[in-house]
Number of protein chains: 4
Amino acid sequence: MATAANSVPHPTLVKGLHNRWHPDIPAVATVKPGEVFKIECVDWTGAQIGNNDNSDDIKNVDLTKIHNLSGPIAVEGAEPGDCLVVDILDVTPFEKMPWGYTGIFELENGGGLFAREFNSKAAKAIWDFKGIYATSRHIPGVRFAGVSHPGLIGTAPSAELLATWNKREGELIAEHVNSVPPVAFPPEPIGAYVGQELSEEVKTKIGKEGARTIPGREHGGNCDVRELFRGSRCYFPVFVKGANLSVGDLHFSQGDGEMTFCGAIEMAGIITFSTSIIKGGVEKFALKQPIFLPSPIDPLYSSKLVFEGISVDYHGDGKQYNMDATVAYKQAALNAVAYLEKVCTFTLFNSNLLMSAAPVESHVGAIVDSPNACVTLALPLGIFEHDILPTEAGFTKKDFGQCAIRSDGVV
Amino acid sequence: MATAANSVPHPTLVKGLHNRWHPDIPAVATVKPGEVFKIECVDWTGAQIGNNDNSDDIKNVDLTKIHNLSGPIAVEGAEPGDCLVVDILDVTPFEKMPWGYTGIFELENGGGLFAREFNSKAAKAIWDFKGIYATSRHIPGVRFAGVSHPGLIGTAPSAELLATWNKREGELIAEHVNSVPPVAFPPEPIGAYVGQELSEEVKTKIGKEGARTIPGREHGGNCDVRELFRGSRCYFPVFVKGANLSVGDLHFSQGDGEMTFCGAIEMAGIITFSTSIIKGGVEKFALKQPIFLPSPIDPLYSSKLVFEGISVDYHGDGKQYNMDATVAYKQAALNAVAYLEKVCTFTLFNSNLLMSAAPVESHVGAIVDSPNACVTLALPLGIFEHDILPTEAGFTKKDFGQCAIRSDGVV
Amino acid sequence: MATAANSVPHPTLVKGLHNRWHPDIPAVATVKPGEVFKIECVDWTGAQIGNNDNSDDIKNVDLTKIHNLSGPIAVEGAEPGDCLVVDILDVTPFEKMPWGYTGIFELENGGGLFAREFNSKAAKAIWDFKGIYATSRHIPGVRFAGVSHPGLIGTAPSAELLATWNKREGELIAEHVNSVPPVAFPPEPIGAYVGQELSEEVKTKIGKEGARTIPGREHGGNCDVRELFRGSRCYFPVFVKGANLSVGDLHFSQGDGEMTFCGAIEMAGIITFSTSIIKGGVEKFALKQPIFLPSPIDPLYSSKLVFEGISVDYHGDGKQYNMDATVAYKQAALNAVAYLEKVCTFTLFNSNLLMSAAPVESHVGAIVDSPNACVTLALPLGIFEHDILPTEAGFTKKDFGQCAIRSDGVV
Amino acid sequence: MATAANSVPHPTLVKGLHNRWHPDIPAVATVKPGEVFKIECVDWTGAQIGNNDNSDDIKNVDLTKIHNLSGPIAVEGAEPGDCLVVDILDVTPFEKMPWGYTGIFELENGGGLFAREFNSKAAKAIWDFKGIYATSRHIPGVRFAGVSHPGLIGTAPSAELLATWNKREGELIAEHVNSVPPVAFPPEPIGAYVGQELSEEVKTKIGKEGARTIPGREHGGNCDVRELFRGSRCYFPVFVKGANLSVGDLHFSQGDGEMTFCGAIEMAGIITFSTSIIKGGVEKFALKQPIFLPSPIDPLYSSKLVFEGISVDYHGDGKQYNMDATVAYKQAALNAVAYLEKVCTFTLFNSNLLMSAAPVESHVGAIVDSPNACVTLALPLGIFEHDILPTEAGFTKKDFGQCAIRSDGVV
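Residues numbered from 1 in each chain as written. Chains lettered and ligands numbered in written order. Predicted model: local features only at pLDDT ≥ 70, side-chain atom pairs only at ≥ 80, totals over all residues.

Per an unreviewed UniProt entry, chain A goes by Acetamidase/Formamidase and derives from Plicaturopsis crispa FD-325 SS-3.

Right, here's the structure in full:
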């Protein structure tokens, strides 16, 4: 095994767990530029979901506690205005936990892109990790290589940036007071934690002001961009001394859009980083939000079946929207769901879970042809064990079963 | 040259030119399933734009005449409810016209995604075709392989489908009566033509009812999806006997989003098709809108620099939108524009034209993390003659000039 | 069609046809660096093969006349020791001749990689070009995108280089005097031509000294490298003033190895070039033989079934060779042939023709593990209409027929 | 971390270490079809090489002990004539040993492709693993994603097959008795081991008959095919009851050809498998040697600079060979070496080590154009930190240093 002499493993840094973004959360560890280090991450819910065959844990999930973030990690020499270069060198599950999950939340507890359309009830699929591949006993007939990535990664905001976030999101909430699910989430002291000993005064301040972790923002955050798979290099704006990088919500795989919200293959695991600093990079690169270079090992599912959608809700009430790419994405996704249901006999739950979790691609087609934005969604053919192409004869139908549902049987 | 004996070239079908969608426009030619045939297409404006160095023709373009479509072509045996399989076998410019153009329209005449933000003035770039590549004397420093495709392709609507379109778009227009540019375009007899001899009664009906060609719809139409490049196989729903396929708006290349509206490399040329029919395919495949299989020869620009955007207008007034992927796309694009301007000294015009025309990719990242949809936009590194990566030292700046502008010098 | 005004098509240069390499063949046209120009090429045999359904023309082919090369083209300013940069901008068949052929030669007339093993009789397949795709009535069940390229392209040799070739190949011939097929081809005045008016003295000299065109050499020549597909940029050493580039033997497609010798899809057509010069490039780049940058539009047949071969002739007499990659390539190819025969019911002829013509990849695995070199050969799955993967149940067998054979029925 | 409850890690099977192929070596563990399991592997030399800065360990390596193989593993139900399907689910280094090495052996002790040409002296490079990437302090200026794979994997031979190997290789050795390095390696009792308690009689038999592990053969073995990277599915012929799969010689990365013999990035680590059986597969698939499906995560280094080589030893004595792909591969490699030396100032050692270890591709171009086989070798541009393309101005030269050499300074 080559001699063990002189083998120096990369260090695993002590993790701090926090669930709010705030400049006053101190770094729990400091690294030097160039150093390779590892961070352990719990899954985003903090171990609320089990490797079993019903979805009661999904139904009852407590979302005030999310997301569980590891960090912050300070980088020596980073100052506001710099660009923090982060190499995502690897993302793997824990060796002892080779599994993850994808869930559909209830409309009243978490929601998801189609929560209202489908009056969603809790459902889930457990995925088994077999090396680079995932399969699921709850969604038979598919297997795919993971594009493992952090769903959530970002630098700490400055006080000014945090204030901007709270102001603009507060205004949006004020415009939609009774929305279900809510349009955004204001600071909430209940459930807030910082993962280290801090004075009551500071903790209270963080609870009252700290930004919730659900949306992505200018610092990165919960962008859920599957293109950040292991091997990527990211350029983050730095807002506070040390940059204070936090990370969590590891995904074994995810489709573009992550439509069910708990839609990636959520997992616990280890992420390996190295960093460097480009002084004054925010100004140099006009950096309003992170930019990145994708990894060279993006799985090559080059054959795919592509669905279009436009900004008309023709799967719903037929309403014409004005250049709305979100509506167009939904139609493309619903076209794919209908296809899988009709052609391959997948249930609505199963196709939703699959399309959230598998390496599905969604492109913005054209966004200038009034009034219809056009968005496409592509199913990679290579993930199916059977040929799903449109043919005169059609797919050989078989029973692909139903994913894990509530123990009371409500679907 | 192999003996010329027994060489049978593919026929070029007589073209009919029309610019409205209506079931009463008769087919101008009929093909059999399996036959390979060619269609000649003028550019979408009908030769209003010239190969020269000012943008006055863009400023004065007459948009009542667009789009110039070739067809309709009937396919023997196709009936409503069938699926028409169309192989886009090739898309090439005319040998005698190895050039195309990309334009930015004025806010008051055509607009575009950023027309309001930039109070757009007319600008354009002429692209020279050199085999599979395009270069531009107006945008020096770049060269890329074309992903040639039809911007506009679709089957004829039935009377019922046409009525649905007119109703829903009429309602949208009614809600936004004074919008500049307008949110949608109602039927308009002025400028309508059908490309063949028809009775006055029929022509009047078509002028009064015929759908305008700007948006993509359930039949395909102007989806401007660059994934339809030559080599693709498309599955269209059939709404009228014969299917009545029409095509136009050929693009030598286009970026995802086609942001300047006249944003692809617009060209005149020839498209080669073959077709087949799957009986009852609409029902079999739950076909609400075309689906397709992309070509195997998608240019491999695997190295790219990716920009994120979220649904906050931080390049404008800072407003928080609610899960709006269109706003997120715009921020990602503006981040890329700012980068090219800052790092590479591209002008706003040049970077806009380039990103509209080049094989830029835009993915829907996540569309479930309230309130921020996240969209990415990727610049392929291989299209630039210089290294554009973020580095400490930065790009060696040089003067990339300015594209063609108005002869009165207004920009 | 965008206005035709100011449209300047790329010029097609007058072709000169020659079939020997010699420094005294004058250029038939001169181009400037940067100019885009086209060259028309006959097929490599000079129209000896017809679009019909027997292989008599293959059986009787006259190989003293080959290859038919277009050129030479001089580039202004190129001098010995420079590097000539050649952009292969496009390669297309003639519009009026949308077909090509692949042949298996007789052992006594042309041979091929397996001519001796199979005691080859003449066979051929005609391929129909449908846009970017080829299909064959003689090899049903497959369709693939062409990787069109010139099989033969090179600069003219200097007198010294030519003398080196003739000396070393003469020595090889002397060692294998009675070999069938011959191991190499010495200069041969019979059948030599130069495509232009020259003095008898010069023509006699060229006939006596001119190198035959079959092998690739230091100047390029008949390398039959499919990686030179349209869109590639090549760097050639220059040996004579003007560089004197010649080209021919266009291929619509070819597999790595081109095993049947007439193994690509041979076609007549048009190649589009532009050139530039790097002064002193031979010394600068240590240029012993051309180097090149492949095109970005290599067809993406990423799923493939790979066969191994080692340097043991286990398909023949079982002999152990010493690190012989040629033997290893042959075993890998024979393994694939056996697979197609057993699993898919392809005939020996059909699988040979298919593997010569389709985008088959062959890699040198390892060439250091004595005594066995290992070479792989990969069949792209996407070219077959049926699933050819190994499964318990196996492929649904059907009759794929037989390619065109001799009219006397001998196979 | 998702609840730890119900998490079942994949088992790591007890390893047996052997270094000969023989049917009488009993399986050390048995698995069921479908089971996921892990195998630990030492590096191929058995820890003879250290993580340090001189090459004395390479100079003095004891090659009688190689290769160290883990196994054999029996698969329940496998019988001679079956096809054993092996999924290579993952290949990773040990977490505690994030490094590997590439070496150049001395001509008299191990050799390598260019051992004679260069009168090779020992040299080596240590590679540090940083997640999916490798870098080397001994070869600065490059970084690349690993295509990790087993260099050596195979099923146990039957007594008949073993006899065939020994006979044919013995004949080759007899023809080249004094060759340095030797052309092949006969059975050798000295140094043979079987990794378990066996009777003296059986051990003696294995020592006297057991095939050495250097070459790949019909059962797989040391094929050193980099296309077997993690995620591949392989189909092996079964020759003995249980199939008795053995594996070793893990590579973090390797270039096509593995030119320095110890040319991959050699590492110790863990390989994850699952298996299944196709009854009678040898006959069904005409299986003479393994076939396989590559992984979808092949690193996408699509931009590359390609070198050609032909079967003339123009880097040596200029001799003309007859269709010899091995000679052609060597010229292509030497062209690349010369280029890196001239253009980028890499030393001969460094370019050799780099090209052995990095994801270099080598294709068989054409193998039918007498007398010159043509082979290409492609350097991926994305692995270099600097632009290595040929330009007028050339590469900015810098000192890339020298790899680890002998402590006596001899190079």
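Back to the text.
A. Local environment of the overall build of chain A. Looking only at helices and strands, chain A features 7 helices and 21 strands. For a compact globule of 411 residues, the expected C-alpha radius of gyration is about 22 Å, and chain A comes in at 21 Å, within 12% of that figure. The principal-axis extents of the C-alpha atoms in chain A amount to approximately 65 × 65 × 45 Å. When burial is assessed residue by residue, chain A has 64% of its 411 residues classed as buried. Long-range contacts, defined here as pairs at least 24 residues apart, represent 78% of the contacts in chain A between residues at least 6 apart. (Helix = DSSP H or I, 4+ residues; strand = E, 2+ residues; numbered from the N terminus. Rg over C-alpha atoms; globule rule 2.2 N^0.38 Å. Buried ≥ 20, exposed ≤ 12 C-beta atoms within 10 Å, placed from the backbone. Contact = placed C-beta atoms within 7 Å.)

B. Looking closely at unusual backbone geometry. Residue Pro72(C) follows Gly71(C) across a cis peptide bond; omega there is 0 degrees. Secondary-structure assignment places Pro72(C) in strand β5 (residues 69-75). Positive phi is not limited to glycine here, since Asp224(B) has a value of about 50 degrees. Structurally, Asp224(B) is set in the loop between β12 (220-221) and β13 (233-237).

C. Looking closely at the domain arrangement of chain A. All names here are of chain A. Here the domain parsing of chain A yields domain 1 (17-293) and domain 2 (304-404). Taken residue by residue, the interface counts 33 residues in domain 1 and 26 residues in domain 2. Of all the secondary-structure elements, those providing two or more residues to the side of domain 1 that touches domain 2 are β6 (99-104), α2 (115-118), β7 (123-130) and β15 (261-266). Broken down by element, the side of domain 1 that touches domain 2 gets its largest block of residues, 5 residues, from β7. Partitioned by chemical class, the residues of the side of domain 1 that touches domain 2 number 16 nonpolar, 11 polar and 6 charged. (Domains from an automatic or database assignment. Nonpolar A, V, L, I, M, F, W, Y, C, P; charged D, E, K, R; others polar.)

D. Just the interface of chain C and chain D, in detail. Contacts between the two partners involve 80 residues from chain C, matched on the other side by 80 residues from chain D. With 8 residues, helix α6 (residues 325-344) of chain C is the single largest residue contributor to the side of chain C that touches chain D. When its residues are assigned to classes, the side of chain C that touches chain D shows 41 nonpolar, 20 polar and 19 charged. Relative to strand β18 (residues 291-293) of chain D, strand β19 (residues 304-310) of chain C runs antiparallel, the two sharing 2 bridges. By the bridge assignment for β18(D), Phe307(C) is matched with Ile291(D). (Pairing = 2+ DSSP bridges.)

E. The interface of chain B and chain C, seen in detail. Listed per partner, the contact involves 45 residues of chain B and 45 residues of chain C. Secondary-structure elements contributing two or more residues to the side of chain B that touches chain C are β5 (83-93), β6 (99-104) and β16 (269-278) of chain B. Residue composition of the side of chain B that touches chain C, grouped by class: 25 nonpolar, 13 polar and 7 charged.

F. Up close: the relation of the copies chain B and chain C. Note on the copies: chain B fits chain C at an RMSD of 0.0 Å, the axial shift is 0.0 Å, and the rotation between them is 180 degrees. Between the two chains, the operation in question is that of a two-fold axis. In terms of proximity to the rotation axis, the leading residue of chain B is Ile297(B), whose C-alpha is 2.6 Å off the axis. Comparing interface residues between copies, 100% of those in chain B also lie at the interface in chain C; the contact surface is shared. (Least-squares fit on C-alpha atoms with pLDDT ≥ 70 in both.)

G. Fine view of the confidence of the model for chain A. For chain A, the mean per-residue pLDDT works out to 90, and 97% of the residues sit at or above 70. Model confidence for the complex is summarised by a pTM of 0.91, with the ipTM given as 0.89. (pLDDT = per-residue confidence, 0-100.)

H. Examining the pairing of strand β8 (residues 133-136) of chain B more closely. Two elements, strand β7 (residues 123-130) of chain B and β8(B), share 4 bridges in a ladder whose sense is antiparallel. Bridge assignment links Lys130(B) to a residue of β8(B), and that residue is Tyr133(B).

I. Spotlight on helix α6 (residues 325-344) of chain A. Residues and elements named next belong to chain A. Under the 1.5 Å per step criterion, the end-to-end length of α6 is 27 Å for 20 residues, consistent within 8% with the ideal 28 Å. Most of α6 sits out of view: 16 of its 20 residues are buried. Thr345 lies just past α6 and shows a positive phi near 65 degrees. (Expected span 1.5 Å × (residues − 1).)

J. Spatial organisation of the relation of the copies chain C and chain D. Of the transformation superimposing chain C on chain D, the axial component is 0.0 Å and the angular component is 180 degrees, with the fit at an RMSD of 0.0 Å. Taken together, the interface assignments show that 100% of the residues at the interface of chain C recur at the interface of chain D, consistent with an identical surface on both copies.

K. Quick look at the environment of Asn51(D). Residue and element names in this part refer to chain D. With respect to the helices, strands and loops of the structure, Asn51 is situated in the loop between β4 (36-41) and α1 (56-59). By C-beta crowding, Asn51 is classed as partly exposed, having 19 other C-beta atoms within 10 Å. On a C-alpha basis, the gap between Asn51 and Ile367 in space is 42 Å, while along the polypeptide they are 316 residues apart.

L. Highlighting the environment of Asp408(C). Among the structural elements, Asp408(C) can be located in the segment after β22 (404-405). Expressed as a C-alpha distance, the spacing of Asp408(C) and Asp56(C), which sit 352 residues apart in the sequence, is 8.7 Å.

M. Focus on the packing of α6(A) against helix α7 (residues 348-357) of chain A. Residues and elements named next belong to chain A. Closest axis-to-axis distance for the α6/α7 pair is 9 Å, and the angle between their directions is 130 degrees. Between α6 and α7, the crossing angle belongs to the class labelled oblique. α6 and α7 meet at a crossing whose hand is right-handed. In contact with Ala333, Ala336, Val337, Leu340 and Glu341 of α6, α7 contributes Leu348, Ser351, Asn352 and Met355. Across the contact of α6 with α7, the residue classes tally to 6 nonpolar, 2 polar and 1 charged. (Axes fitted to C-alpha atoms, helices over the stretch in contact; angles between N-to-C directions. Parallel < 35°, antiparallel > 145°, perpendicular 65-115°, else oblique. Left-handed = near helix turned anticlockwise from the far one by under 90°.)

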